[in-house]
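Geometric and topological summary
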Amino acid sequence: MATETEFGAPLTPGASQVERLIADLNPPQREAVEHGEGPLLMLAGAGSGKTRALTHRIAYLVATGQARPSEILAITFTNKAATEMRERVERLVGGVSRLMWVMTFHSACARILRSDAERLGYKRAFTIYDQADSLRMVKRCMAEFDVDPKRFAPRAVQAQISSAKNRLLDAEAYREEQSSFFEETVADVFGLYEKRMHEANAMDFDDLLVRTVDLLELNADIRDRYQRAFRWVLVDEYQDTNRAQYRLLQLLCEQHRNLTVVGDESQSVYSFRNADIRNILDFERDYPDATVVKLEQNYRSTQTILEASNAVIAQNRDRKPKNLWTEGDRGDSIQVAELDDEHAEARYVAAEVERLCAEEGIARDEVAVFYRVNAQSRVLEDTLVRFELPYQVIGGTKFYDRAEIKDAVAYLQFLANPADAVSFQRIVNSPRRGIGQQTEARLISHANTTGADVWDVIREAERVPGLGAAAQRAVRRFADVMVALRDRAESSASVAELLDAVLRESGYLEALEAERTIEAEGRAENLQELVGVAQEFDANREVEGDSDVRPLDEFLAQISLLSDQDSMREGESLITLMTLHNAKGLEYEAVFIIGCEEGVFPHSRSIEEGNLEEERRLCYVGLTRAKQQLYLTCARRRNLFGGHGHNLPSRFLTELPDELVARQVSAPRTGWSGARGGEREAVLGGSFGSGGGLPDTDDLRKQPSPSLVQFRTGDDVIHASFGEGVVTSVEPGSVVVVRFAGDGAERKLMADYAPLRKAS
DNA sequence: TGCTTCACCATTTTT
DNA sequence: TGGTGAAGCA
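Predicted model only: the values in this text are computed from it and were never measured. Position numbers for residues start from 1 in each chain and track the written sequence from start to end. All chains are assigned letters beginning with A, and all ligands numbers beginning with 1, in the order in which they are written. Per-residue local features are limited, in this predicted model, to residues with pLDDT of at least 70; the limit for side-chain atom pairs, both in listing and counting, is 80 or more; totals at the level of whole chains, interfaces and linings are taken over all residues. Only heavy atoms go into the side-chain values, all of them from the structure, while hydrogens and water stay out.

1. Focus: the packing of aromatic side chains
Here a ring pair, both rings aromatic, is described through the centre-centre distance and the interplanar angle of the planes. Each Phe, Tyr or Trp ring, with Trp reduced to its six-membered ring, pairs with another whose centre is within 6.5 Å; inter-plane angles below 30 degrees give stacked pairs, above 60 give edge-to-face pairs, and intermediate values give tilted ones. Overall, the coordinates contain 17 aromatic pairs when judged by the stated rule. Here phenylalanine 414 and tryptophan 455 contribute two aromatic rings whose centre-to-centre distance is 5.2 Å and whose plane-to-plane angle is 55 degrees, an arrangement assigned as tilted. On the criterion of sequence distance, the pair formed by phenylalanine 414 in helix H18 (residues 403-416) and tryptophan 455 in helix H21 (residues 454-459) is long-range, its members being 41 residues apart. The pair formed by phenylalanine 414 and tryptophan 455 is uniform in burial state, with each residue classed as buried. One aromatic cluster in this structure is built from Phe414, Phe424, Trp455 and Phe478. Strands here mean DSSP runs of E at least two residues long; helices mean DSSP runs of H or I at least four residues long; both are numbered from the N terminus. When accessible area is computed with a 1.4 Å probe and restricted to protein chains, residues below 20% of their type maximum are described as buried, those above 50% as exposed, and intermediate ones as partly exposed.

2. Looking at the environment of aspartate 420
Looking at where aspartate 420 falls in the secondary structure, it is placed in the loop between H18 and helix H19 (421-427). Since its relative accessible area comes to 0%, aspartate 420 is described here as buried. Put simply, aspartate 420 and valine 189 are 231 residues apart on the chain and 19 Å apart in space, counted from C-alpha to C-alpha. A polar contact of 3.4 Å, which involves the side chain of aspartate 420, links it to the side chain of threonine 127. What qualifies as a polar contact is a pair of N or O atoms within 3.5 Å, subject to a donor-acceptor requirement within protein and to the restriction that residues adjacent in sequence count only when both atoms come from side chains. Only 2.2 Å separates the side chain of aspartate 420 from the side chain of tyrosine 129, close enough to count as a polar contact.

3. Some details on the sheet that holds strand E10 (residues 367-371)
The strands making up a sheet associate through hydrogen bonds between their backbones, and the pairing can be parallel or antiparallel. DSSP calls a pair of strands paired once it identifies at least 2 bridges connecting them. Read across the sheet, 7 strands follow the order E11-E12-E10-E13-E14-E9-E17 without closing on themselves; strand pairing throughout is parallel. Edge strands, defined here as strands with exactly one partner in the open sheet, are strand E11 (391-393) and strand E17 (661-665). Strand after strand, the sheet turns through a mean of 20 degrees between neighbouring axes, direction not considered. In the sheet, E11 pairs with strand E12 (residues 575-579) via 3 bridges, with the strands oriented parallel. Residue pairing in the sheet places glutamine 392 in a bridge with threonine 576 of E12. When checking whether two residues touch, look at their non-hydrogen atoms; a contact exists if any pair is within 4.5 Å. For helices, the fitted axis covers only the stretch in contact; all axes are lines through C-alpha atoms, and the angles between them, taken along N-to-C directions, range from 0 to 180 degrees. Across the face of the sheet, helix H16 (residues 342-359) comes into contact with strand E9 (334-339), E10, E12, strand E13 (588-593), strand E14 (626-635) and E17 while running at roughly 160 degrees to E14. Helix-sheet contacts for helix H29 (residues 612-623) involve E10, E13 and E14, and the interaxial angle to E14 is about 130 degrees.

4. Observations concerning the packing of H18 against helix H23 (residues 495-505)
Across the interface, H18 lies against H23 with an axial gap of 10 Å and an inter-helix angle of 110 degrees. Between H18 and H23, the angle is such that the two are roughly perpendicular. Pair H18 / H23 crosses with right-handed handedness. For the pair H18 and H23, contact is made by Ala408, Tyr411, Leu412 and Leu415 and by Leu498, Leu499, Val502 and Leu503, respectively. When grouped by side-chain class, the residues that make up the contact of H18 with H23 number 8 nonpolar, no polar and no charged. Small angles under 35 degrees read as roughly parallel and large ones over 145 as roughly antiparallel, with 65 to 115 read as roughly perpendicular and the rest as oblique. Each crossing gets its hand from how the near helix is turned against the far one by less than a right angle, where anticlockwise is left-handed and clockwise is right-handed. All amino acids are sorted into three groups, where Ala, Val, Leu, Ile, Met, Phe, Trp, Tyr, Cys and Pro are nonpolar, Asp, Glu, Lys and Arg are charged, and the leftover types, Gly among them, are polar.

5. Let's talk about helix H17 (residues 377-386)
Here H17 has its buried residues at Ser377, Leu380, Thr383 and Leu384. All buried residues of H17 fall inside an arc of 130 degrees around its axis, so they share one side. Exposed residues on H17 whose side chains face more than 90 degrees from its buried face are Arg378 and Val385. Contacts from the buried residues of H17 go to H16, E10, E11 and E12. Downstream of H17 by one or two residues, glutamate 388 has phi in the positive range, about 60 degrees. To be clear, the arc concerns the directions from the helix axis to the C-beta atoms.

6. Section: the confidence of the model for chain A
Per-residue confidence for chain A gives a mean pLDDT of 84, with 87% of residues at or over 70. The quantity known as pLDDT measures the predictor's confidence residue by residue, on a range of 0 to 100. This stretch, residues 1-11, has a pLDDT under 50; its non-local contacts, to residues over four places away or in other chains, come to 23 contacts. Across residues 670-708, where pLDDT falls below 50, the model places 70 contacts with residues more than four positions away in sequence or in other chains.

As C-alpha cells, then:
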C-alpha cells in the first residue's frame, strides 16, 4: 500500500509504484489509465473493469505527480458507487484519498452550495426536499392557483417541473416553450413553486444541480475557484447524465479540459429521469480532441451470456458499435422457461434456486431475481417464504420513506431551518395536538402574506387572523416545545441526543406507545434505528472533526441524499429481488429475469410510446449481470392488479439466438378441461427434448399435492387433514372453496398447495 | 376534528 | 390486488 505523504504532495514517484498500477491491465485499460491531460471517453461495456480503470487512473495521476489528490473530483450517481470507488482508491493511494472529492453529483453540489448558497439568496442551512416533500409543495402551489388536482395530476405537474429544471429551463423559459393549457398551468405552478421553495429556504434534488450551475454561471470568482480546485474531473455512468449535469461539467472543465467520462450508452435506462443519452453519443463532437478508449473485454460472464447479450442489444440502432468478448468458458445454455401463470413462474424460480444452491454449490447471496415492475415481487415473495428461502427486496418502501422516519426528520429539519414550511406542515399535528387543517392553513398563509418564517408566525400566534382561543393555545404549546428543542439544538453537539429529545418532548414516542399495537411498536423500533444512525454519525464526526458546518445541518444533508440501494445487505445468504433498474452495476452468479412477456417487459407503456430501445437496454443490463447462470421466464397468464391477462412471450426472448438457449414450455393448463397427458412438455424452437428440461411442476412443490389435477365445482375431494368434502366453487388464482363433511365448514384452499385430491 | 368508507388508479426512479 | 386520497359522517 502506498504511504501517506505530506499534504497534497505527490507520492514518491517510485517506478515500482507506478508500474504496479498498470500491471494486470489489458491494453485499452492501460491506455485509459496512462492518458494524460485532455478529454477522455471510456466506452466501457458491461463487466469490462471500468471501475478498475477509473480508480487506477486516479491513482496513476497521483502517483506520477500529474495531479495532487486535492485536485481530483470523481463523480458517481449513487452513494454505493461512490463508497466503492472511495474504498478502492484508498486501497491504491492510501489516506491521501481523503483529500479527493469522491462523491455523487448531488453530494458534491450540496457541498458547494453549503458554502456559497448565500450568493443566491439562500441561507446556508437550506433544507433538501425529497420527492415527497417537493410533491407536497407542488400540491400546495396548485391549491393556491385553484388548480383541480383531479384534472391535472400533481405528480404530472411535478414531473414537468423537474424535467424543465433538468433541461435548465426556468418557469419563464418553460412557458415560452409551451402552448397547451396544461403547460400554461404548469408554468404558473412552476413559478410559484420556485418562489415558495426559496421562501422555505429549501431545495429539491433538481435544485442542487441547477442552483450549482447558476452559482457557477453567475459568479466568475467562484467558478474560477472550483475550476482551479478540480483540475481533474472524472465521471462514472456518463450515459445517465442530464442536461444540468452536462452543463455543470462543462463549467468545471472549460479551462483545463481534463474531463474523463466513463459510460456505456447501451446501459442508459433513465431517460424518464431526464438522462440524455446524447451526452455520451455526442461526446466526441463536444470534445473533438477527445481520446476514445473502448473496453470490450468482459471479465464477468460466460461466452454464452455475452453472445446472447450482444445479439439482443444489436437490435438497437442508436448505439456505438461494441462487442463484448471474453476469454472465459462457454458456460451453460441460457434457460428460457414458459410457465402457466405467475405462480408457476415463482415456483419454478424457487425450485431452481434451491437446486442451484444444493447441487451447483451457488450461495444464495449470489442469486438475484429481476423484474420490470415492483408489483411482481409479491407472488415471488410468497413463494420464497413457502420454500423457506430467505430473501431481501431492494426498492419498494424505503426506510427513509416511512412515515415515522419522515416525521422525525421533519422535526430536525424544522429546527434547522425555521422557514421550512413543508416540514412544519408535516409535524405540526403529529402527534395530534389539536391543530387542524384550518389552523395550519391560516398559519401558512399568514407566513406567505407577511413574508415571515413559519417559525416566527407560530411564536406569535395571537397575531394570526382568524385563530380561535383554543387554536392559539395549541399553537403556543407547540411553539414552546419547539423553542426548547431549538435551544437544545444550539447547545448540544450530538445529533443523536437532540433526536432523542425531539422524540420524547414532542410527545411523539408517547403517542406511539399509547397505541399499543404491533405496528406502533415497529415504528418505535424504526425510530430507535434512526437514533442509531445519528449516533453513528456523531461518532464518525468526532473522529473527522469537520469544519464550521453545524452537525445537524450536515446530518440532514447526509441522510436526505441517502437511498435504498445503500441498505443492501451482503453476506447474509439472502436471495436478492429487485427491479431491472436497480440491477445496474451489480453482478451475480445466477440471475433470473421474470415476466419476459410483451406488455410486462417490454412494458406496455414503452411499447405505446415507442421506447423500445430503452427497454432493450434494460434487458441488456439484466442479461449482463449474470456471471454463470441465466434464466428468463414468462407466463402465459398473469394477474396484474386484479385483472388477468394473456401475454405473448417477450420479443427479447425471440431475439436470443436459438443455439444459446434451452427453451422449455410447461404443460398448458387450458381452462378447466384438465391436463392432457401427451402435451406436458412441448419444445419451442430450442434444443431440449421433453422430459429432460423443465422439472415437472409437481416436483417443484414443497408439499406434495396432486396438482395438474383441476378441481371443478361439485367435485368430491379428500383433504389430508380435513377429510372428505365437496368443491363448492373455484376462484381465480387456483383457489378452491371446499365444504367439508366433517364439520360442515367451508374453507378456501390453494389448489396447488393444499394436500387435496379428488376422491376416486 | 378525526375516523370510516368509497372510488380510483396503477412503470421504471441512482439523488 | 392494495395503496392512496378525498368526501361523508359522528
